[in-house]
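# Descriptive analysis of the structure
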Amino acid sequence: MKFLVASDIHGDATWCQKVIDKFNEEKADRLVLLGDILYHGPRNDLPASYAPKKVIDLLNAMSDKILAVRGNCDTEVDQMVLKFPIMADYAYIVSGDVTVFATHGHHVNPANPPMLPSNSVLLCGHTHVAKDEMMDGFRYMNPGSPSIPKENTMPSYIIIEDGVLTLKQF
């Protein structure tokens, strides 16, 4: 199974469409969203193409292919309009011999990691900073944010396939 991982769309319809286009181009089976789907949050500028109702329509059209976790900007109101679950704090993905702990990153993160078995990846969003680095005992990856990248990182995403995780730019 092939997964495309994105995070922190923050209601930007243009970038949501680009994520979906990349999902189709990569021929992924599942879209993993690491939270902050609709709302831009009080600390972020309004994304250029802020249109959360359009994001709802785009994602609901492929709801059977989405695995999502809750971000700090996601609420029960958001869940009411989305046709796929978004309120889980984390998800485990097993690909090949790699265990991936997927979460938004505002509670569990490299500074506060979960207990992970060997050959594990901690997959977080939240910071809007794309990362791929080895930590003490695990690999940490962050797809950054397509709509509001920070710290001079480029809009990016992660592909998971057969135990291989690859950070890619749009």
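So, a few notes on the structure that sits alongside this text. Every value quoted in this text rests on a predicted model; they were computed, and no experiment measured them.

### Some remarks on the packing of aromatic side chains
What the rule picks out here adds up to five aromatic pairs. Geometrically, the ring pair formed by Trp15 and Phe170 is edge-to-face, given 5.2 Å between the ring centres and 75 degrees between the ring planes. With Trp15 in helix α1 (residues 13-26) and Phe170 in the segment after β10 (164-169), the pair connects residues that are 155 residues apart, well separated along the chain. Its relative accessible area of 30% is what places Phe170 among the partly exposed residues. Taken together, a centroid distance of 5.0 Å and an interplanar angle of 15 degrees make the contact between Tyr90 and Phe101 stacked. Of this pair, Tyr90 sits in strand β4 (residues 90-95) while Phe101 sits in strand β5 (residues 98-103), and the two are 11 residues apart along the sequence. The class for Tyr90 is partly exposed, based on a relative accessible area of 45%. Aromatic ring contacts, followed pair by pair, group Trp15, Tyr157 and Phe170 into a single cluster. Cation over ring: Lys18 sits above Trp15, and NZ or CZ is 4.2 Å from the ring centre.

How each quantity is defined
- Residues numbered from 1 in each chain as written.
- Predicted model: local features only at pLDDT ≥ 70, side-chain atom pairs only at ≥ 80, totals over all residues.
- Heavy atoms only, no water.
- Phe/Tyr/Trp six-rings, centres within 6.5 Å; stacked < 30°, edge-to-face > 60°.
- Helix = DSSP H or I, 4+ residues; strand = E, 2+ residues; numbered from the N terminus.
- Buried < 20%, exposed > 50% of the residue type's maximum accessible area, 1.4 Å probe, protein only.
- Lys NZ or Arg CZ within 6 Å of the ring centre and 35° of its normal.

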